[in-house]
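Results of the structural survey
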Amino acid sequence: QDITERKRAEQQLFEAHERLNALMQALPVGVSFSDDPTCQHITGNPMLLAQFEMTPQDNVSASAAEPTAAGRRVRYFHQGQEIGDAELPLQRAAAEDRVIPAMELEIRLPSGRCWLAEVIGAPLHDAKNQTIGGLAVVMDISQRKRLEEDLRRLATTDPLTGAFNRRYLAQALETEISRAQRHARPLSLIMFDLDHFKRINDQFGHDQGDAVLKNIAMLVRDRLRHTDVFVRWGGEEFMILAPETAMPQALALAETLQAAFRQSPIGDIGPVTASFGVAEYRPDETMDQWLKRVDEQVYQVKRDGRDRISYRP
């Protein structure tokens with residue numbers, strides 16, 4: 001029998017396989033794949049195996065029955081929500097016979113490395129369009145996430161003190177006011193303005209003035225709960241948004257801060273005092289009315305002699 005055509009087809013198939021293998025070896029992103037229609041056993045190209053600190057004999061599937069290596073943990077998230085094994089990209093792509101939108105992974109490895117990835121899955125079909133497995137691309141997005149976090153931090157924080165800025169406070173106020181109204185919970189706002197701050201800048205220089213602001217910010221942060229929102233309102237003015245806090249608790253916090261300022265001298269400058277205003281949110285007022293009310297209290301203290309606390313039920 002003449003087998004020339006068969007041999008030519010075998011050679012073409014071999015060359016195509018070699019090209020595909022070379023491509024998989026050279027790809028700078030991880031590629032996982034399975035020839036199991038349910039995608040319970042998954043392997044990958046060299047980049048993927050390196051990303052997960054695995055060998056070609058390991059099952060990359062996060063839902064594999066066999067135990068994973070000590071210290072390795074993979075968590076999948078879609079739109080910010082963690083998903084279970086039934087929702088994993090390859091299994092879902094094979095089960096639903098469609099491309100699965102990008103999901104995010106948090107990977108902790110035995111070496112101690114932790115990184116973030118984005119993965120998208122798609123089914124693999126045979127010549128009869130039957131699902132025979134799945135394929136997914138895994139991209140390391142750790143640096144991108146760090147840059148995004150840096151941008152968010154720059155957009156919402158004051159670079160000198162590390163406190164949140166006015167822009168962030170506006171968002172937090174809307175959220176907390178809505179929550180307080182919905183659940184009938186207390187919400188308080190503390191504003192303080194450092195006394196004679198211009199005199200400090202004029203007498204000791206702006207570098208020392210900046211040092212005062214950073215020291216005051218540190219003193220405040222050490223005395224706040226993680227739910228409190230600390231904001232540099234502008235210049236030497238600061239705000240504290242205190243959820244789940246009624247007037248007596250807010251007033252106690254203001255008194256604690258006042259005492260801390262008095263008892264914590266800053267270099268050659270000595271103790272720095274502040275004028276405080278405290279206001280609990282009233283359900284019948286707008287956000288701007290609430291801000292104006294606490295601001296007026298601070299300026300009343302300034303007129304009355306500074307280093308005091310003004311509050312109204």
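1. Describing the overall build of the protein chain
Secondary structure summary: the protein chain contains 9 helices and 12 strands in total. Radius of gyration (C-alpha) of the protein chain: 30 Å, far over the 20 Å computed for a compact globule of 313 residues. Counting only C-alpha atoms and orienting by the principal axes, one finds that the protein chain spans roughly 110 × 45 × 30 Å. Each of the 313 residues in the protein chain was classed as buried or not, and the buried ones make up 40%. In the protein chain, of all internal contacts separated by at least 6 residues, the share reaching a separation of at least 24 is 57%. Accessible area of the protein chain: about 17,700 Å², with a carbon and sulfur share of 52%. Side-chain charges in the protein chain split into 38 positive and 46 negative, and the spacing between the mean points of these groups amounts to 5 Å.

2. Some thoughts on the sheet that holds strand S11 (residues 274–280)
Across a sheet, strands are paired by hydrogen bonds formed along the backbone, either parallel or antiparallel in direction. In spatial order, the strands read S9-S10-S8-S11-S12; together these 5 strands make up an open sheet with mixed pairing. The strands lining the two open edges of the sheet, one partner per strand, are strand S9 (229–234) and strand S12 (309–312). Adjacent strand axes in the sheet meet at a mean angle of 20°, parallel and antiparallel pairs treated alike. Here 7 bridges tie strand S8 (residues 187–194) to strand S10 (residues 237–243), and the two strands are oriented antiparallel to one another. Along S10, the bridge assignment pairs Asp193 with Glu237. Each of S8, S10, S11 and S12 is contacted by helix H8 (residues 247–262), which is oriented at about 170° to S11, the strand it contacts most.

3. Some points on helix H7 (residues 206–221)
Under the 1.5 Å per step criterion, the end-to-end length of H7 is 23 Å for 16 residues, consistent within 8% with the ideal 22 Å. The complete set of buried residues in H7 reads Gly209, Val212, Leu213, Ile216, Ala217, Leu219 and Val220. Along the axis of H7, the buried residues cluster in a sector spanning 160°; they form a single face. Residues of H7 that are buried sit in contact with S8, helix H6 (197–204), S9, S10 and H8.

4. A few points about the packing of H6 against H7
Their axes nearest at 7 Å, the elements H6 and H7 cross at an angle of 140°. With respect to each other, H6 and H7 are oriented oblique. Two secondary-structure elements touch here, H6 through Phe197, Ile200, Asn201 and Phe204 and H7 through His206, Gln208, Gly209, Val212 and Leu213. Of the residues contributing to the contact of H6 with H7, the split by class is 5 nonpolar, 4 polar and no charged.

5. Some remarks on the sheet that holds strand S1 (residues 30–34)
The sheet built from 7 strands is open, its strands ordered S2-S1-S7-S6-S5-S3-S4 with antiparallel pairing. The open sheet has two free edges, formed respectively by strand S2 (43–44) and strand S4 (81–83), since each of these has just one partner strand. Of the strand pairs in this sheet, S1 and S2 are connected by 2 bridges, and their pairing is antiparallel. Paired with Phe33 across the strands is Thr43, a residue of S2. Contacts between helix H3 (residues 89–96) and the sheet are confined to S1, strand S3 (73–78), strand S5 (100–108), strand S6 (114–125) and strand S7 (131–140), with S6 contributing the most and set at about 20° to the helix. Sitting on the sheet, helix H4 (residues 142–156) is in contact with S5, S6 and S7, with an inclination near 125° to S6.

6. Considerations on unusual backbone geometry
A positive phi angle, close to 55°, is found at Asp97, a residue other than glycine. With a phi close to 70°, Arg306 is a non-glycine residue in the positive phi region. Tracing the backbone through its elements, the reader meets Arg306 in the loop between helix H9 (287–304) and S12.

7. With respect to H9
Counted at 1.5 Å a residue, the expected span for H9 with its 18 residues is 26 Å, and the 26 Å between its end C-alpha atoms agrees. Of the positions making up H9, those classed as buried are Trp290, Leu291, Arg293, Val294, Gln297, Val298, Val301 and Lys302. Check the buried side of H9 and you find it contacts helix H5 (166–183), S8, S9, S10, S11 and S12.

8. Quick word on the packing of aromatic side chains
Counting across every chain of the model gives 8 aromatic pairs. Aromatic side chains Phe261 and Phe276 sit 6.0 Å apart centroid to centroid with 25° between the ring planes, which places their arrangement in the stacked category. With a gap of 15 residues between them, Phe261 in helix H8 and Phe276 in strand S11 connect regions that are remote in the sequence. Both residues of the pair, Phe261 and Phe276, count as buried. Taken together, the ring pairs in this structure connect Phe192, Phe230, Phe238, Phe261 and Phe276 into an aromatic cluster. Positioned over the ring face of Trp233 is Arg166, at 3.7 Å from the centre of the ring.

Cut-offs applied
- Residues numbered from 1 in each chain as written.
- Predicted model: local features only at pLDDT ≥ 70, side-chain atom pairs only at ≥ 80, totals over all residues.
- Heavy atoms only, no water.
- Helix = DSSP H or I, 4+ residues; strand = E, 2+ residues; numbered from the N terminus.
- Rg over C-alpha atoms; globule rule 2.2 N^0.38 Å.
- Buried < 20%, exposed > 50% of the residue type's maximum accessible area, 1.4 Å probe, protein only.
- Contact = heavy atoms within 4.5 Å.
- Areas by Shrake-Rupley, 256 points an atom, 1.4 Å probe, with all protein chains shown as cover.
- Lys, Arg positive; Asp, Glu negative; His and termini not counted.
- Charge placed at Lys NZ, Arg CZ, Asp CG, Glu CD.
- Pairing = 2+ DSSP bridges.
- Axes fitted to C-alpha atoms, helices over the stretch in contact; angles between N-to-C directions.
- Expected span 1.5 Å × (residues − 1).
- Arc of directions from axis to C-beta.
- Parallel < 35°, antiparallel > 145°, perpendicular 65-115°, else oblique.
- Nonpolar A, V, L, I, M, F, W, Y, C, P; charged D, E, K, R; others polar.
- Phe/Tyr/Trp six-rings, centres within 6.5 Å; stacked < 30°, edge-to-face > 60°.
- Lys NZ or Arg CZ within 6 Å of the ring centre and 35° of its normal.

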